[in-house]
Amino acid sequence: MPISPGDAGAGLVLAAEPGLDAFGGDPWWIILIKALAIFVFLMLCVLMMIMADRKVMGRMQQRHGPNRFGPWGLLQSLADGVKLSLKEDLIPRGVDRAVYIAAPMIAAVPAFIAFSVVPVGPEVTMFGVQTQLQLTDLPIAALVVLATAAVGVYGIVLGGWASQSPYALLGGLRASAQVISYEIAMSLSFVAVFMYAGTLTTSGIVDAQRPVWFAVILLPSFLVYLVTMVGETNRLPFDLAEGEGELVGGFMTEYSSMKFTMFFLAEYVNMVTVGAISVTFFLGGYLAPWPITAFWAGANEAWWPALWWLLKFMAVMFFFIWIRGTLPRIRYDQLMQLGWKVLIPVQLVWITALAVVRVMANEGAPVWATGGVGVVFAALFVAGVYAMFRSAKQRRAAEAAEHYEELRRMRADAAYGGFPVPPPNLPHYGSSVRAEEPRPTPTAPNRSEKREEVTGA
């Protein structure tokens, strides 16, 4: 029987991605259990993360944190959720109702979808059925993660625009510019992973890290990703989209009750998702760390890998809390400068060097030639960093000299830099008000003249 072009294309895909044949054959009830488990896990992570946020930062700041509701304050997040859901749901007058109501859902749903391609463990037996501890995998699963992250920002932008409020609109614009800037650097950090893994499937990326984690051999990409995932989730020190000092609540200013809760849920679910992606792409996924595999051969079998994945995931979540409790909020110009002038150029140079070295190694180039190319790129990188720091130092010196000159002029001239008071005989409001007539100078009284007596009559 002749083979159609569609069947041939499907066969090529399966040949190129041999690990995908384990997906798509599960019973419907197994798929339903996996989807329900992901939803419950994400919701529990949100509750636990809010509680850990407050408890851990409380200890960092020498206070207890919430300790009233439930044992050791563990149910405080649940109480906050119930309180928010019972608040009055207000919709401001004049808003675009359809977009205003849909924006929180647009922000929350993509974060749940991205977790569907995260592998939590290898193939296990679940109720007598052999299945992967992963809802699904795709030939372009890594791009699905980037696509869902990009779609999530639409909820923030539309929520700010539909609120018909200047604070909310500015918060939405800030969020869109911030996410676009850091999305580029995040995507570039994944390029090095794709080159070394040779696949875009998340399960294949985890298998490619069995010899060594990508966080070790691709350290610059891993460090850049750690910065971009904080900027992507609008967390401190990058929470400029909702800075209460200048934007009140930012894009959430006009939201209350469950709609506000949906935005809050989207932020924390997005944190969980980017943390899980960092474990999958750089920290070996569900693979056990080296000290454990050195003396335990079965560490990566059965359900044990899910435990290793969970421990790595908890470490990344602690990193979020640690950064929030340590660093102050930066200015918006510093945020954009870090994204466009530091992270993206560093990633471009790193990826170019990595691609050249990989091609030379695949072509059988001698080791000294490959090492020489690496040394050249390292020298270029060091020179770029030196030039950046030198430019910053010169700019600070110029600002200091300008400030010193201002102080010198102010000491020399008391009126320099004073409040600009216009002359009293100029028209202040155009031609609608006449200029003030010059006032006559009063003459001194003649003491030789006899003054008239002023009486009550």
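Residues numbered from 1 in each chain as written. Predicted model: local features only at pLDDT ≥ 70, side-chain atom pairs only at ≥ 80, totals over all residues. Heavy atoms only, no water.

Here is the rule: UniProt positions are given in the numbering used here, feature names are shortened, and annotations may be inferred rather than shown by experiment.
Under an unreviewed UniProt entry, the name given to the protein chain is NADH-quinone oxidoreductase subunit H, and the organism recorded is Nocardiopsis rhodophaea. Entered under Subunit (unreviewed entry) in the UniProt record, the comment concerning the protein chain runs "NDH-1 is composed of 14 different subunits. Subunits NuoA, H, J, K, L, M, N constitute the membrane sector of the complex."

### Looking at a nonpolar patch on the surface
Quick reminder of the rule: Each patch is assembled from residues with relative accessible area greater than 30% and no salt bridge, linking like charges that lie within 9 Å and nonpolar side chains (Val, Leu, Ile, Met, Phe, Trp, Tyr) that lie within 5 Å. Note on areas: Shrake-Rupley, 1.4 Å probe, and residue coverage restricted to the protein chains presented here. Only one rule defines a salt bridge in this text: a Lys or Arg side-chain nitrogen within 4 Å of an Asp or Glu carboxyl oxygen. Each helix is a run of DSSP H or I of at least 4 residues and each strand a run of E of at least 2, with the numbering of both proceeding from the N terminus. Exposure classes here rest on a 1.4 Å probe applied to the protein chains alone. A residue is buried below 20% of its type maximum, exposed above 50%, and partly exposed in between.
Taken together, the side chains of F69, W72, L74, L75, L78, V82 and L86 define a hydrophobic patch exposed on the protein surface, amounting to about 740 Å² of accessible area. Here L78 lies in helix α3 (residues 76-85). When its relative accessible area of 46% is taken as the criterion, L78 is described as partly exposed.

### Focus on helix α9 (residues 219-232)
Quick reminder of the rule: What a helix should span is 1.5 Å times the count of its residues minus one. When checking whether two residues touch, look at their non-hydrogen atoms; a contact exists if any pair is within 4.5 Å.
The end-to-end C-alpha separation of α9 is 20 Å, in line with the 20 Å expected for 14 residues at 1.5 Å each. Among the 14 residues in α9, 10 count as buried, and that is most of the element. Within α9 the residues assigned to the buried category are S221, F222, V224, Y225, L226, T228, M229, V230, G231 and E232. Contacts from the buried residues of α9 go to α5 (141-162), α6 (166-197), α8 (214-217), α11 (257-282), α13 (304-326) and α14 (332-362). After α9 finishes, the residue N234 shows a positive phi value of roughly 55°.

### Some points on the nonpolar core
Threshold: Grouping buried Ala, Val, Leu, Ile, Met, Phe, Trp, Tyr and Cys residues that are joined through side-chain atoms within 4.5 Å yields what is termed a nonpolar core.
Ranked by size, the top nonpolar core spans 64 residues in total, and within it F190, M229, F282 and F320 carry the most contacts. Per-element tally for this core: the top contributor is α11, with 11 residues. What F190 contacts, discounting residues up to four positions off in sequence, is L146, Y225, I277, F281 and F282. A107, A108, F251 and Y255 belong to the second largest nonpolar core, which has 13 residues in total.

### Here's the deal with the packing of aromatic side chains
Test applied: Working definition: a ring pair exists when centres of Phe, Tyr or Trp rings (six-membered ring for Trp) sit within 6.5 Å. Plane angles under 30 degrees give stacked, over 60 give edge-to-face, the rest tilted.
By the definition in use, this model includes 21 aromatic pairs. Ring centres of F190 and Y225 lie 5.4 Å apart, and the angle between their planes is 35°; this geometry places the pair in the tilted category. Taken together, the residues F190 in helix α6 and Y225 in helix α9 connect sequence positions 35 residues apart. Ring geometry for Y225 against F282: centres 5.6 Å apart, planes inclined by 35°, an arrangement best described as tilted. With a gap of 57 residues between them, Y225 in helix α9 and F282 in helix α11 connect regions that are remote in the sequence.

### Observations concerning the pairing of strand β1 (residues 121-126)
Operational definition: Between any two strands, at least two bridges found by DSSP are needed for them to pair.
Strand direction decides the pairing type here: β1 and strand β2 (residues 129-133), joined by 5 bridges, are antiparallel. Paired with T125 across the strands is Q130, a residue of β2. Linking β1 to β2, which pair antiparallel, is a turn of 2 residues; within it F127 sits at a positive phi near 55°.

### Overview of the pattern of salt bridges
Inspection of the entire model under this criterion finds 7 salt bridges. Taking the shortest distance from any N to any O, the salt bridge between D53 and R235 comes out at 2.9 Å. With D53 in helix α2 (residues 28-60) and R235 in the loop between α9 and α10 (244-247), this pair connects stretches of sequence that are 182 residues apart. With respect to class, D53 is no different from R235; both count as buried. Linking D333 and R331 is a salt bridge whose minimum nitrogen-to-oxygen distance equals 3.0 Å. Assessed through its relative accessible area of 44%, D333 is described here as partly exposed. One network of salt bridges, with partners in common, ties together D53, R235 and R324.

### A word on the confidence of the model for the protein chain
This is how the line gets drawn: Per residue, pLDDT measures the predictor's confidence, with a range of 0 to 100.
When the pLDDT values of the protein chain are averaged, the result is 80; 84% of them are 70 or greater. Element-level mean pLDDT values for the protein chain span from 46 in helix α1 (residues 5-16) up to 89 in α13. A low-confidence stretch, residues 5-15 stays under pLDDT 50, and its non-local contacts, those more than four residues away or across chains, total 2 contacts.

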